[in-house]
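Geometric and topological summary
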Amino acid sequence: MIRHFTLDGKKIPFREGQTIMEAAQDAGIYIPHLCYNPEFVPHGSCRVCTVKANGRIVASCTTPATEEMQVENETEELQGNRRELLQMLFVEGNHVCPGCEKSGACQLQAVAYYTGMLAPEFTYFYPMRTVDSSHPDVAIDYNRCILCELCVRASRDEDGKNIFSIDGRGINTHLTVNSASGKLGDTDFDVHDKAAQVCPVGAILPKHEGYNIPIGQRLYDRKPISVVGDVADHQEE
Amino acid sequence: MTDIKTLETASSPEKLNRVVIEPVTRVEGHGKVTLLLDDNNQVQQARLHIVEFRGFEKFIQGRPYWELPVLVQRLCGICPVSHHLAAAKAVDQLVGVDQLTPTAEKVRRLMHYGQTLQSHALHFFHLSSPDLLFGYDDAVAHRNIIGVLQDYPETAKQGVLLRKYGQEVIRLTAGKRIHGTGAIPGGVNKNLNQKEREFLLQDIDQMIEWGKTALELSISLFEKNLPNSRDFATNETNMLSLCREDGGLDIYHGGLRARRPDGSLIIDGIDYRDYEDYIHEQVKPWTYMKFPYLVAQGREEGTYRVGPLARINNCDFIDTPLAEKARLHFRAFADEGLVQSTLAYHWARMIELLHCTEAIRDLLNDPDISGTELITKGNMREKGIGVIEAPRGSLFHHYEIDEGGLVTRANLIVSTTNNNRAMNESIRRVAIDELNGRELTEPLLNQIEVAIRAYDPCLSCATHALGKMPLEVQLVDAEGHTVDRLYKNANGDVSLCKIEA
Ligand code: SF4
């Protein structure tokens, strides 16, 4: 039986067990997100997809839709919260967008634009992070990792390799590679692995490639993320 | 006559008065001039201090090499394309590519001509023409591009539109007017399609005409006060530039060539990847900026200049007819040897501007510019060196990478560093010829800036918007107390405040 809830005043149909995010996506409505990817079990960690459901703040990617639920998504208050979250993500890492190959096709950047964030406003942490270039085809730039865990999930659940995990706590939380040396080059990671395709930012990137697609012609140069959706859906472009 | 070499370091500086010419704003590199005066206003020491770029070399260590061409553009807001291309040439070496496809090379050349055109136009019309048209002692409020717009509206308009045209060339080759991404490892990421070529071709004949007018203006300004033009801030130096194998002017690629003041060759046809054998950088205790010199000539005699003056002096010919005619006229100015006048930089610059317009026309008519083979591949190497003739002069990018492709060492010698010795000598010349024994006033101090601006360094003091850079000059006594302060604010107003003891 098709049931409905209300999203920003619009009636949205949903099936039993669907989350707010899934139902919204099916209805063609964009709820900004970073760690959500429909191919993997939702994780609810980035909190960018936060909405208000019946007045309560919830992550839309993990909250099941219910009949008659009143959901707010694109309100100034929620967009403001999202902007602050994004501001924090930018200053926690080292994001030098002008020199980043992902620029223009980066979900963090695109969501930031979508919510109206134009420049970082908080004090930069300037953490000391490294680049792992030990693998012949793929480099990890830890400076840009936002801990979405998509590579962790993809490698474990789809590639069956379990190459990545998250270590540490609080501000020291970080991505690690499950090899004795901690280097990607010492794993059986392959450039064709699912885990190599899911990074929403410029943390896991193919090596030796810089700016083959001119500025102005990149995914989010052409259309906003609310229209074209996740970068993972456009990997082949 | 005081020997300018004695002005680098005064014998007993502690007894002298200090004048600092220091821009308050910091845009690109940051420059400052200090003068030490004795009680009779005799200049005893004159130094140009430039704080620049060394931090950047550290910053890019550990970064993947494929990011370099885009990352290093941030070195300079005025000639980002030059850094982009010098880095791209170095990265070509890293990916083992010695020869690009004809399309890739021509698109990069076109980008570079566009860049040189816009930079030369900016420099001549916006930054220098007010001094040259109105005189160094013209009222500050009027001695700027707005003044030029009022008194010489046609000249100002042409300057603005020449620059804009250059920016359009950059936009269509690099993807953006500033900080584009056109050059990539082993080639380019776009060609020029028919529509883009036609768009640029529409106005090119007009640009060539205005290029001729600009050249004529630079010559008439030079000839207006010939003794001053010839001698102002002038010092005899060697000249260094890239030069095409057959001796032709080439601002994108070539071998290193250097000439002595008498015109004889010191080096020629040198593969720039061996630059370290020919150029050394001296460190001095009073500044972070290094002082490069030609090894063969030694530290004292090895001072060289780079930029338009060096290039037009160094080459044997220019392969576009209007610029070649202008070059012959230029070289005839020096009876023998090289043209050494510092103010002749502007003249040489306008010869190059005209050359750029001609070269852009030729490239736009070349079918290769729309070719589809954009990238060449090769085998990775550990070291890559790229050199280009940036608008301001030879620009060296040198990178070394580890097995994973991360930068382990970077060395950049920017045009301003190459000219560092010569610029220091020029301001000493001005100090001796123009300032010695006189009460310092804004017009007199401006002459120091006029000398620096001739070189067109990447300094905020040479690139301030509309001639309105805030400037502070201090006269400090032997105990370090400021006794006089001359302040030029952002509106161009100058005030002198006596500070009571
Ligand atoms: S990953 Fe995205 S946000 Fe981070 S530097 Fe790259 S483009 Fe910018």
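Residues numbered from 1 in each chain as written. Chains lettered and ligands numbered in written order. Predicted model: local features only at pLDDT ≥ 70, side-chain atom pairs only at ≥ 80, totals over all residues. Heavy atoms only, no water.

Overview of the overall build of chain B
Where we set the bar: Helical segments are the DSSP runs of H or I of at least four residues, strand segments are the runs of E of at least two, and each set is numbered from the N terminus. To sort residues, take the accessible area from a 1.4 Å probe on protein chains only and compare it with the maximum for the residue type: under 20% means buried, over 50% means exposed, and anything in between is partly exposed. Throughout, a contact is declared for two residues whenever any of their heavy atoms are within 4.5 Å. Working definition of accessibility: Shrake-Rupley area with a 1.4 Å probe, residue cover restricted to the visible protein chains.
The helix and strand tally for chain B stands at 17 helices and 17 strands. Out of the 501 residues in chain B, the part that is buried amounts to 64%. Of all intrachain contacts in chain B linking residues separated by at least 6 positions in sequence, the fraction that spans at least 24 positions is 69%. Total accessible area computed for chain B in this model is approximately 18400 Å², and 49% of it derives from carbon and sulfur atoms.

Points about the domain arrangement of chain A
Residue and element names in this part refer to chain A. Put simply, the rule reads: Those domain boundaries reflect an automatic or database domain assignment. Two parts lose some accessible area (1.4 Å probe) when they are put together, and adding that loss for both gives the buried area. By salt bridge we mean one thing: a side-chain nitrogen of Lys or Arg within 4 Å of a carboxyl oxygen of Asp or Glu.
Its domain assignment divides chain A into domain 1 (3-74) and domain 2 (129-208). Centre-to-centre separation of domain 1 and domain 2, based on C-alpha positions: 28 Å. At the interface, nine residues of domain 1 touch eleven residues of domain 2. Carbon and sulfur atoms make up 59% of the area that domain 1 and domain 2 hide from each other, which totals about 810 Å². Taken as a group, L34, F40 and H43 account for 61% of the area that domain 1 buries against domain 2, more than any other trio of residues on that side. Linking domain 1 to domain 2 there are one salt bridge.

What about the nonpolar core?
Let me state the cut-off plainly: To define a nonpolar core, start from buried Ala, Val, Leu, Ile, Met, Phe, Trp, Tyr and Cys residues and group those joined through side-chain atoms within 4.5 Å.
Membership of the largest hydrophobic core comes to 121 residues, with the highest contact counts inside it found for Y165, F330, I351, I360 and Y399 of chain B. The residues touching F330 of chain B, leaving out its near neighbours within four places in the chain, are L309, I312, N313, V339, A344, W347, A348 and I351 of chain B. Membership of the second largest hydrophobic core comes to 44 residues, among which are A112, C145, C148 and I163 of chain A.

Here's the deal with the interface of chain A and chain B
Contacts between the two partners involve 18 residues from chain A and, on the opposite side, 22 residues from chain B. Summed over both sides, the interface of chain A with chain B buries roughly 1700 Å², with 62% coming from carbon and sulfur. Of all residues in chain A, the largest losses of buried area upon contact with chain B belong to H208, Y211 and I215 of chain A, amounting jointly to 35% of the total for that side. Between R144 of chain A and E67 of chain B there is a salt bridge, with its nearest N and O atoms 2.6 Å apart.

Points about the pairing of strand β7 (residues 138-141) of chain A
Side-chain positions along a regular strand alternate between the two faces of the sheet. Residue and element names in this part refer to chain A. We apply this condition: Pairing between two strands is assigned when DSSP locates at least 2 bridges connecting them.
The alternating pattern of β7 places V138 and I140 and A139 and D141 on opposite faces, both of which are buried. Note: strand β6 (residues 131-132) against β7, two bridges, orientation antiparallel. In the strand pairing of β7, V131 is matched with D141. Linking β6 to β7, which pair antiparallel, is a turn of five residues. Note that β7 and strand β10 (residues 204-206) share three bridges and pair antiparallel. Residue pairing for β10: V138 is matched across the bridge by P206.

Concerning the sheet that holds β10 of chain A
The three strands are arranged β6-β7-β10 (chain A) in an open sheet whose pairing can be described as antiparallel. Strand pairing shows two members of the sheet lacking a second neighbour, β6 and β10 of chain A, which therefore form its edges.

Quick look at the environment of L309 of chain B
Relative to the assigned elements, L309 of chain B resides in helix α11 (residues 308-314). Residues L309 of chain B and I351 of chain B lie 42 residues apart in sequence; the distance between their C-alpha atoms is 9.9 Å.

Digging into helix α13 (residues 344-364) of chain B
Basically, it comes down to this: To estimate how far a helix should reach, multiply one less than its number of residues by 1.5 Å.
For α13 of chain B, built from 21 residues, the straight-helix expectation of 30 Å at 1.5 Å per residue is met to within 8% by its first-to-last C-alpha distance of 30 Å. Buried residues dominate α13 of chain B, accounting for 19 of its 21 residues.

Here's the deal with the site of the ligand
Selection rule: For each residue, the test is whether any non-hydrogen atom lies within 4 Å of the molecule or strand; if one does, the residue is near. Gly falls in the polar group here, along with every residue not listed as nonpolar (Ala, Val, Leu, Ile, Met, Phe, Trp, Tyr, Cys, Pro) or charged (Asp, Glu, Lys, Arg).
Around the ligand, a shell composed of F90, H95, V96, C97, C100, S103, C106, L108, Q109, R144, V201 and G202 of chain A is seen. By residue class, the composition of the shell around the ligand is seven nonpolar, four polar and one charged.

Quick look at the pairing of strand β2 (residues 10-14) of chain A
Residues and elements named next belong to chain A. The pairing of strand β1 (residues 3-7) with β2 spans five bridges and is classified as antiparallel. Across the sheet, H4 pairs through a bridge with P13, a residue of β2. The turn linking β1 back onto β2 is made up of two residues, and D8 within it adopts a positive phi angle of 45°.

Some thoughts on the pattern of salt bridges
In this structure the tally under the stated criterion is 38 salt bridges over all chains. Residues R83 of chain A and E76 of chain A are paired through a salt bridge, measuring 2.9 Å at the closest nitrogen-oxygen approach. Given a relative accessible area of 56%, E76 of chain A falls into the exposed group. Within this structure, D141 and R144 of chain A together with R63 and E67 of chain B form a network of salt bridges that share partners.

Section: the side chain of H83 of chain B
Considering the arrangement of structural elements, one finds H83 of chain B in helix α3 (residues 80-94). Note on H83 of chain B: relative accessible area 2%, which makes it buried.

Thoughts on the environment of R129 of chain A
Residue and element names in this part refer to chain A. With respect to the secondary-structure elements, R129 resides in the loop between α3 (107-115) and β6. You can call R129 partly exposed: its relative accessible area is 31%. Each C-alpha atom, one on R129 and one on A53, is 38 Å from the other, the two residues being 76 residues apart in sequence.

Thoughts on the packing of helix α15 (residues 420-435) of chain B against helix α16 (residues 442-455) of chain B
All names here are of chain B. For clarity, the cut-off: Only the stretch in contact is used when fitting a helix axis, every axis being a line fitted to C-alpha atoms; angles between N-to-C directions are given from 0 to 180 degrees. Relative orientations are named as follows: roughly parallel for angles under 35 degrees, roughly antiparallel for angles over 145 degrees, roughly perpendicular for angles from 65 to 115 degrees, and oblique for any other angle. Helix crossings get a hand from a simple test, with the near helix turned counterclockwise from the far one by less than a right angle marking a left-handed crossing and a clockwise turn marking a right-handed one.
Interaxial distance between α15 and α16 falls to 9 Å at its minimum, and their mutual angle equals 150°. By the criterion of interaxial angle, the relationship of α15 to α16 is roughly antiparallel. The interaxial crossing formed by α15 with α16 has right-handed handedness. Across the interface between the two elements, A422, M423, S426, I427, V430, E434 and L435 from α15 touch L444, Q447, I448, A451, I452 and Y455 from α16. When its residues are assigned to classes, the contact of α15 with α16 shows ten nonpolar, two polar and one charged.

A short note on helix α2 (residues 76-92) of chain A
Residue and element names in this part refer to chain A. For α2, built from 17 residues, the straight-helix expectation of 24 Å at 1.5 Å per residue is met to within 8% by its first-to-last C-alpha distance of 24 Å. For α2, the set of buried residues is L78, Q79, G80, R82, L86, Q87, L89, F90 and V91. Looking at the packing, one finds that the buried side of α2 touches β3 (50-53), β4 (56-59), β5 (70-72) and α3.

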